[in-house]
Each structure stands twice: as C-alpha cells, then as structure tokens.
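Take a look at the letters that make up each chain.
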Amino acid sequence: MYPPPRKDFIALTLSDPHSRDAYNNGKHRRRSCWRKWKQLSRLQRSLILFLLILLLVVGLLFYPSVSEQWRGWSDKEEWLELNDRGFKAERSPAPGRAPAPVAQPHLGDAAADPVALAKPKEPHVPVLAKPPAKRKTSLNKRGPPSLQKDANVSRLNGGGKRDVAPQEAGEEEEEDKDKTIVSWRGAMIEADRATEPSPSAAPKEAAAPPPPINPTAAATLEVSSGNVSRLEAVRDAFRHAWKGYKDYAWGHDELKPISKSFSEWFGLGLTLVDSLDTMWILGLKEEFAEAKSWVENELSFDKNVDVNLFETTIRVLGGLLSTYHLSGEQVFLEKAKDLGSRLMPAFKTPSKIPYSDVNIGKGTAHPPRWTSDSTVAEVTSIQLEFRELSHLTQDPQYQEVVNEVSKLVHQLPGKHDGLVPMFINTNSGQFSHKGVFTLGARADSYYEYLLKQWIQGGKTEDHLLEDYLQAIEGVKKHLVRQTGPSRLTIVGELSHYRFSAKMDHLVCFLPGTLALGVHNGLPGDHMDLAVQLMETCYQMYKQMETGLSPEIAHFSLQDSAGQDVVVKPADGHNLLRPETVESLFYMYRFTKNAKYRDWGWDILQSFNKYTKVPNGGYTSISNVRDPANPGPRDKMESFFLGETLKYLYLLFSDDMELLSPDKYVFNTEAHPLPIWPSPPK
C-alpha cells in the first residue's frame with residue numbers, strides 16, 4: 001500500500017524590483033527560520049537545545065578514541081602486508097641488562113644461579129600494529145586476548161606450525177612497556193606472547209599472598225626470530241595463569257579471571273594444590289616455595305564442608321602424593337594422610353561402593369540429594385591414589401577399600417563385551433541405568449584406571465588386565481566408526497543398541513592409554529587404533545575456527561556430508577581440557593613422530609590467542625566456532641595448570657627420562673605416582 005502523494009506548495013512574493021524593500025532571499029530565509037523556531041512549543045525548543053548540548057559534550061569526550069580509529073584505517077594496507085609476512089619481532093634485552101639465563105627443563109635444576117633469579121629482565125612488550133576496524137563494538141567489553149578473524153583460521157606451514165598475526169615493537173614501546181591494546185572488537189588484549197616465548201620471568205608481587213622468597217618485578221615476554229623455545233612458552237603460560245590466581249584468588253579453589261575474583265568449590269585451594277607438581281617439574285622454584293608455605297601454614301581439612309570423593313582424591317590427594325615423591329618434603333605426605341583418613345567414611349555403605357560426597361569435618365558421607373547412585377568413573381578412579389597412600393604409610397586400610405570396589409565391579413553382570421554402564425547403586429552394588437555405554441563423561445577413567453592399576457602394581461593383578469583387554473575389544477566392536485567426508489575414526493556411544501556418532505572431548509584420553517598399553521606389551525593393533533583416534537582428536541581442534549575443540553563433537557557418517565565435525569550450540573564450549581595434549585605426550589614419547597609436537601604447539605597457540613586474559617589467567621570460552629566473539633566464561637579450571645600445561649611441557653621436553661612412563665604412572669589428573677617394583681617370582 002503506497003502512502004498518499006505529498007502536496008508541495010510554492011509561495012511567491014511579487015514586488016517592485018526598484019523598490020527599497022526589494023526581495024532579499026537571505027534575509028527572508030533567516031526570518032522564515034526564526035518564525036518556524038518561534039512556532040515551536042517551549043518544550044520542543046528545550047528538548048532540541050538539550051540534544052544539541054548533549055551531542056557536543058559526547059563529541060568532546062570521544063574525540064580522542066574516534067580519531068585513533070580513523071587513523072587505524074590508514075594502517076590497513078600496512079597491517080595486511082605485515083600479516084602476510086608473519087611474526088618477525090626480534091629478541092632484544094632490556095637496555096643496560098644482559099639476557100637472563102633460561103632454566104633448564106629438568107626436575108633437579110638445583111644449580112640455578114640465585115643471583116640470576118633475583119635479577120630478571122626488564123619488561124619488553126612487542127606491540128601489535130593497528131588493525132582495520134571491522135565493526136563497531138563497545139569499548140568496555142572485557143574478554144580474552146584474541147586476534148582478527150582473518151588470521152584465526154589454522155594455516156599450517158611445512159613444519160605444521162600455525163601462522164599468527166604479526167607484532168612490531170615501535171616507539172610506543174618506549175612510552176609504556178606494559179601497554180595493553182584495545183582491539184577492534186572492543187576486547188582488551190595484549191601483545192600475543194604465545195607465538196614466540198620469553199626467558200624465565202616471575203610474575204608481579206602479589207597483594208594477597210605472602211611475598212615470595214625473592215620477589216621480582218614483572219617481566220614480560222620477549223620474542224625471537226630464531227628457533228622457538230616451546231618449553232619456555234609453556235613456562236610463560238603457567239606464569240601468566242599463576243599470576244592471575246595469585247593476584248585475585250590466592251588460597252581459593254578457582255580463579256575467575258575476567259571479573260578478577262574467585263569461586264569456591266570445596267574451599268581447599270584446589271588450583272594451588274593441583275599445580276604443585278607442575279611447578280616443580282617446570283622448575284618454577286619461587287612459585288613452588290610460596291605455594292608450599294601456604295600448604296604448610298594455611299591448608300586445613302578440619303572444616304565442616306562436603307567434598308566430592310572423586311574430585312578431591314584425584315586433585316588434592318593425588319597432588320599431595322605426587323609432590324611428596326618429587327620434592328621429598330614431608331609436609332605433603334602428612335597432609336595426604338590427614339585427607340585420606342577423612343575420606344574413608346565414604347566407603348561405609350551397604351554395598352562397599354562408596355558414596356559420592358563426604359563431609360571431611362564431621363566424618364559423614366552421603367550420596368547426592370537426587371539419587372542413591374554414584375557414577376562408575378568416580379568409584380573406580382580413586383584406586384591409584386588410595387593404593388599409593390597405603391604403600392607410603394604401610395597402613396593397608398586405604399588399599400583394601402578401593403581394591404574391594406575393583407573386585408566388585410569386575411564380577412558385576414550388566415556389562416556389554418567389557419563395556420560398563422555409567423551408574424552404580426551404592427545400596428545394591430549393582431549397575432543402574434543399563435544399556436547406555438560411552439567412553440565419555442561418567443565412564444571414561446574406569447577404562448584408564450584398569451590399565452594403570454595393572455601397571456602400578458607391577459603387572460600382577462590379572463583381573464584388571466582381563467577387564468581392560470575385554471573392554472578395548474568391546475570398543476572396537478560396538479563404538480568405533482568412520483566419518484564419511486575424511487574417513488576419520490571415532491569412538492561413539494551406544495544407547496540401547498542404537499549408535500550415536502557423539503564423541504566427548506574426554507574420550508581423547510584413549511589414544512594415549514592405548515599407546516601406553518602397547519608400550520607395556522599389549523597387542524600391537526591397539527597402536528593402530530591409537531594413531532587413528534589421535535588424528536581425529538586433533539581434527540576436533542583444527543576444524544574449528546578458533547583452533548580449539550568443542551566439549552562435545554558430533555560426526556557425519558554419510559559420504560555426502562560436507563564436513564566431519566558438527567558442533568551443536570550447547571556443545572561448543574571449551575574448558576581448557578587436557579585429554580588431547582595428554583595423548584599427544586604419550587604418542588610422541590612412544591613414536592618420536594614430530595608431528596605430535598607440532599599439533600600440541602598449535603593447540604597452545606590457540607589457547608594463548610583466544611583464552612588468555614591480559615591481567616592474568618586463562619578463561620574457558622563458550623563458542624569455539626566464533627573467533628570474533630568466543631564468549632569468555634570467566635573461569636579457569638584447576639586442571640589447566642595441573643594437567644594441560646604439564647602435559648604440554650612434557651610433550652616438548654627432549655629429556656625422555658623426565659617422568660618416564662617406565663617409572664611413573666599418571667593419575668587421571670596428571671599427577672605422577674611411582675610404579676611399584678615387581679614382586680619376586
């Protein structure tokens with residue numbers, strides 16, 4: 001429907017051209033405008049004046065930032081040219097200072113120069129060239145560091161490394177060495193420090209925790225045009241994560257890096273305890289010393305709080321035990337014994353299958369409020385830690401209760417060619433919710449701990465090996481499929497005999513576990529499956545726009561499908577999980593194929609690009625498919641420091657004796673525990 005036509009009128013004024021009062025167009029226009037202004041009501045005139053004044057004020061306030069963005073457009077061609085050239089910033093020591101020595105990647109590292117540790121380098125921050133403003137966004141938006149969309153897609157060189165956006169150190173560096181940059185997406189970012197690592201440097205002195213033994217000024221990352229020190233890149237990532245925890249969450253469970261605060265789960269300093277052995281392995285002596293001081297003086301289990309048996313065992317008990325073995329410090333064993341005794345009430349059930357929750361102050365235990373079931377993974381993935389506690393204390397009660405659980409599950413009906421359901425009832429001791437089989441959440445580490453207990457105990461417990469071998473055959477028979485487009489091998493799920501091509505990121509522990517089994521004499525075809533699954537797990541990262549894997553992936557099994565990996569909206573988050581880099585560590589150790597290191601390097605760079613928060617810490621993200629807005633979730637899981645960075649460091653280390661799989665077995669939280677000597681035959 002068209003609007004009615006407008007009717008325009010023309011007013012003519014006829015006058016004598018020789019008259020004094022001849023028509024004057026400018027004067028008439030001024031009088032006409034004034035007449036129209038006078039015809040407006042007082043309210044209308046006031047409103048117009050107010051809006052004009054408001055626009056003037058806003059224009060004055062935002063003039064600097066607007067002019068800065070206009071100047072950014074002139075740099076567009078230069079930015080694109082730099083992006084093609086790649087990252088070419090040069091390493092240069094701070095003026096007047098010699099380069100600081102880099103710590104050697106070894107557990108001992110006792111000969112490190114204390115003078116050098118006390119005198120770190122001055123900050124040297126490369127500054128990114130100004131990119132073109134692609135879209136207008138709010139300047140107060142907070143988010144993890146990230147780069148432009150054009151540079152987000154993974155592009156592999158011949159060496160398998162991801163191309164990254166360039167960085168240049170210019171005159172602005174002299175004005176402010178700690179400068180952060182407001183990106184054209186509105187997120188606060190800093191110079192990307194993942195691409196080229198820096199020498200060892202300690203974070204800024206914290207306000208909340210006690211000062212370290214040798215406090216140092218903040219040191220930032222330098223870049224090198226030569227070979228990349230991947231080990232130092234991992235150290236730098238740990239320092240950055242630790243700085244955020246130390247500044248904003250010291251002594252608490254988890255860091256919220258965006259809001260610069262913390263969250264509590266059990267109130268046991270989860271991140272700190274989970275990170276202890278990582279600091280020791282990475283040679284971060286000052287950080288380790290201040291963390292040890294907190295454990296010795298502040299960590300107490302005498303509190304009225306419910307904790308999850310599984311999570312507390314693998315993170316806290318496992319962390320304390322492994323740190324005791326690595327450092328020899330008695331305080332960690334004493335804390336482990338205290339905690340272990342407080343977790344024992346969980347096993348006081350009619351079936352001997354432990355409850356999921358324990359009050360470590362009251363000495364009581366109970367199942368979740370909504371069910372009397374426990375998950376199979378939780379009750380069968382605490383054995384390594386409790387057995388080791390008995391081995392160290394010579395108190396058999398800890399090993400006895402967990403061995404009883406293993407024997408009960410070994411004998412239970414309801415398995416499907418070695419595959420187990422996800423739930424078990426603490427009253428009856430029987431599987432519940434039968435018919436659903438997965439190697440993902442609620443069942444994953446059951447299979448992992450079958451093999452690792454067998455290795456831990458000197459390969460003498462045949463029922464564990466029997467269950468493991470049968471389970472792997474069940475996986476190959478019922479859960480393994482190939483995708484249509486690229487023929488990727490996946491491990492899906494079975495629900496009442498219906499197959500689902502759904503694969504949790506958690507399943508990516510399996511390639512490493514299979515390789516570990518082959519290394520310990522199990523069938524060679526397990527390695528064939530491990531190689532295929534390792535490729536799939538890497539593709540879950542590579543095929544995403546951010547280079548980071550979703551929490552859950554669905555796969556296309558039809559040949560006509562255009563892509564292998566399908567991500568549903570609710571599954572596209574990334575929690576900084578370790579399973580893929582864990583398997584990369586095992587695959588490289590046993591095959592020496594350098595591509596596994598390159599894949600791990602790609603993943604580390606993506607973590608730095610999309611999850612790193614400028615003021616310290618890393619954050620989970622909500623959408624791995626949107627590099628422009630990955631959606632920071634404001635949470636850094638403790639396992640990012642306890643597992644992910646640890647496995648990356650071990651992957652890049654050339655020291656094959658560093659935590660050798662022939663001497664240590666890692667629990668499901670990446671805490672290494674010694675393999676017991678085989679008993680005499």
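Residues numbered from 1 in each chain as written. Predicted model: local features only at pLDDT ≥ 70, side-chain atom pairs only at ≥ 80, totals over all residues. Heavy atoms only, no water.

Undergrad: Tell me about the state of the cysteines, residues and numbers included.
TA: This model, assessed by the stated rule, comprises one disulfide. At a sulfur-sulfur separation of 2.1 Å, the disulfide partner of Cys-508 is Cys-537. Across the disulfide from Cys-508 to Cys-537, rotation about the S-S bond amounts to roughly -105°, and the bridge is consequently left-handed. Of the two residues, Cys-508 sits in the loop between β16 (502-504) and α16 (510-519) while Cys-537 sits in helix α17 (residues 525-542), which places them 29 residues apart along the sequence. (Disulfide = S-S within 2.5 Å. Helix = DSSP H or I, 4+ residues; strand = E, 2+ residues; numbered from the N terminus.)

Undergrad: Pulling in residues and values, what's your account of the sheet that holds strand β15 (residues 498-500)?
TA: Ordered in space as β11-β14-β15, the three strands form an open sheet in which the pairing is antiparallel. Each end of this open sheet is capped by a strand with a single partner; those strands are β11 (436-437) and β15. The pairing of strand β14 (residues 493-495) with β15 spans three bridges and is classified as antiparallel. Looking at β15, one finds that Ser-495 is bridged to Arg-498. (Pairing = 2+ DSSP bridges.)

Undergrad: How would you explain the UniProt feature "active site" (unreviewed entry) in the chain if you had to name every residue and give the values?
TA: UniProt records the feature "active site" (unreviewed entry) for Glu-311, Asp-444, Glu-551 and Glu-579 in the present numbering. Within the secondary structure, Asp-444 sits in helix α14 (residues 444-456). If we skip the residues at most four places from it in the chain, Asp-444 touches Ala-377, Leu-439, Leu-506 and Phe-509. As for its position among the elements, Glu-579 is in helix α18 (residues 579-591). If we skip the residues at most four places from it in the chain, Glu-579 touches His-505, Leu-506, Cys-508 and Phe-509. (UniProt positions renumbered as here; feature names shortened; annotations may be inferred. Contact = heavy atoms within 4.5 Å.)

Undergrad: Before we move on, can you summarise helix α9 (residues 309-327) with the specific residues and values?
TA: With 19 residues, α9 extends 26 Å from end C-alpha to end C-alpha; this agrees with the ideal 27 Å at 1.5 Å per step. At Gly-318, α9 is bent by approximately 30°, the largest bend along its length. The opening residue of α9, the one whose side-chain oxygen lies 3.0 Å from the backbone nitrogen of Phe-310, is Asn-308. Where α9 terminates, the next one or two residues include Gly-328, which has phi positive at roughly 75°. (Expected span 1.5 Å × (residues − 1). Bend = angle between axes of the 7 residues up to and from the residue. Polar contact = N/O pair within 3.5 Å; in protein donor to acceptor, adjacent residues only side chain to side chain.)

Undergrad: Go over the packing of aromatic side chains, please, and point to the residues and values.
TA: Enumeration according to the criterion identifies 20 aromatic pairs in this entry. Aromatic pair Tyr-245 and Trp-250: ring centres 6.2 Å apart, planes at 50°, arrangement tilted. Accessibility expressed as a relative area gives 11% for Trp-250, which makes it buried. With centroids separated by 6.4 Å and ring planes inclined at 50°, the aromatic side chains of Phe-386 and Tyr-398 adopt a geometry described as tilted. Here Phe-386 is found in helix α12 (residues 383-393), whereas its partner Tyr-398 is found in helix α13 (residues 397-411), with 12 residues between them in sequence. Comparing Phe-386 with Tyr-398, the two get one shared label, buried. These aromatic residues form a ring-pair network of at least three members: Phe-585, Tyr-586, Phe-590, Tyr-647 and Phe-666. Sitting above the plane of the Phe-499 ring, Arg-481 keeps its charged end 4.1 Å from the centroid. (Phe/Tyr/Trp six-rings, centres within 6.5 Å; stacked < 30°, edge-to-face > 60°. Buried < 20%, exposed > 50% of the residue type's maximum accessible area, 1.4 Å probe, protein only. Lys NZ or Arg CZ within 6 Å of the ring centre and 35° of its normal.)

Undergrad: Describe the pattern of salt bridges, listing the residues and the values that go with them.
TA: With the rule as written, the count across this model stands at 27 salt bridges. Here Asp-338 ties to Arg-342 by a salt bridge, and the two come within 2.8 Å at their closest N and O atoms. In this pair, Asp-338 and Arg-342 are both assigned in helix α10 (residues 330-343), four residues apart and thus about one turn of the helix distant. Relative accessible area serves as the criterion here: at 28%, Asp-338 is assigned to the partly exposed category. (Salt bridge = Lys/Arg side-chain N within 4 Å of Asp/Glu carboxyl O.)

Undergrad: Account for the sheet that holds strand β5 (residues 306-308), naming residues and giving values.
TA: Spatially, the three strands line up as an open sheet ordered β5-β6-β7, and their pairing is antiparallel. This sheet does not close on itself; its edge strands, each paired only once, are β5 and β7 (364-366). For this sheet the average axis-to-axis angle between neighbouring strands, irrespective of direction, equals 30°. Summarising the sheet, β5 and strand β6 (residues 357-359) pair through three bridges and their orientation is antiparallel. (Axes fitted to C-alpha atoms, helices over the stretch in contact; angles between N-to-C directions.)

Undergrad: Explain the pairing of strand β17 (residues 552-555) to me, and be specific about the residues and the numbers.
TA: The alternating pattern of β17 places Ile-552 and His-554 on one face and Ala-553 and Phe-555 on the opposite face, and all of these are buried. Bridge count between β16 and β17: three bridges; the pairing is antiparallel. The residue bridging Met-503 from the neighbouring strand is Ala-553, located in β17. The pairing of β17 with strand β18 (residues 565-566) spans two bridges and is classified as antiparallel. The residue bridging His-554 from the neighbouring strand is Val-566, located in β18.

Undergrad: Please set out the side chain of Asn-308 residue by residue, giving values where relevant.
TA: Assignment of secondary structure puts Asn-308 in strand β5. A polar atom in the side chain of Asn-308 sits 3.0 Å from the backbone nitrogen of Phe-310. Contact partners of Asn-308, with chain neighbours within four places excluded, come to Phe-266, Ser-356, Asp-357 and Glu-378.

Undergrad: Let's hear about the side chain of Asn-359: which residues, and what values?
TA: Mapped onto the elements, Asn-359 comes out in strand β6. At 2.8 Å, the side chain of Asn-359 forms a polar contact with the backbone nitrogen of Lys-362. Excluding anything up to four places from it in sequence, Asn-359 contacts Lys-303, Asn-304, Val-305, Asp-306 and Thr-364.

Undergrad: Give me the nonpolar core: which residues, what numbers.
TA: Counting 147 residues, the largest nonpolar core has Leu-272, Leu-276, Phe-347, Phe-386 and Leu-439 as the members making the most contacts within it. Here Leu-439 is in contact with Leu-419, Asp-444, Tyr-447, Val-475, Leu-479, Val-491, Val-507, Phe-509 and Leu-510, once residues within four sequence places are set aside. (Core = buried A, V, L, I, M, F, W, Y, C linked by side-chain atoms within 4.5 Å.)

Undergrad: How would you explain helix α20 (residues 638-652) if you had to name every residue and give the values?
TA: Counted at 1.5 Å a residue, the expected span for α20 with its 15 residues is 21 Å, and the 21 Å between its end C-alpha atoms agrees. The element α20 is extensively covered by neighbouring structure, given that 15 of its 15 residues are classed as buried.

Undergrad: I'd like a rundown of a nonpolar patch on the surface, residues and numbers included.
TA: Taken together, Leu-47, Phe-50, Leu-51, Ile-53, Leu-54, Val-57, Val-58, Leu-61 and Phe-62 make up a surface patch of nonpolar side chains, about 870 Å² in accessible area. Residue placement: Ile-53 occurs in helix α2 (residues 42-74). Owing to a relative accessible area of 54%, Ile-53 belongs among the exposed residues under this scheme. (Patch = residues over 30% accessible without salt bridge, like charges linked within 9 Å, V, L, I, M, F, W, Y side chains within 5 Å. Areas by Shrake-Rupley, 256 points an atom, 1.4 Å probe, with all protein chains shown as cover.)

Undergrad: Outline the packing of α17 against helix α19 (residues 595-610), supporting the account with residue identities and numerical values.
TA: It is at 11 Å that the axes of α17 and α19 come closest, and there the two elements cross at 25°. Judged on the interaxial angle alone, α19 and α17 are roughly parallel. Note that α17 runs across α19; the crossing there is left-handed. Side by side, α17 and α19 meet where Val-531, Met-534, Glu-535, Tyr-538 and Tyr-541 of the first sit next to Tyr-596, Trp-599, Asp-602 and Ile-603 of the second. (Parallel < 35°, antiparallel > 145°, perpendicular 65-115°, else oblique. Left-handed = near helix turned anticlockwise from the far one by under 90°.)

Undergrad: Which residues make up the environment of Lys-348, and what are the values?
TA: Its location among the elements puts Lys-348 in the loop between α10 and β6. Sequence separation between Lys-348 and Ala-365 is 17 residues; the distance between their C-alpha atoms is 8.0 Å.

Undergrad: For the packing of α16 against α17, give the residues involved together with the corresponding values.
TA: Axis separation between α16 and α17 bottoms out at 8 Å; the angle between their running directions is 155°. In terms of orientation, α16 and α17 fall into the roughly antiparallel class. Crossing hand, α16 versus α17: left-handed. Packed against α16, whose contacting residues are Leu-510, Pro-511, Leu-514, Ala-515 and Val-518, the element α17 presents His-526, Met-527, Leu-529, Ala-530, Leu-533, Met-534 and Cys-537 at the interface. When its residues are assigned to classes, the contact of α16 with α17 shows 11 nonpolar, one polar and no charged. (Nonpolar A, V, L, I, M, F, W, Y, C, P; charged D, E, K, R; others polar.)

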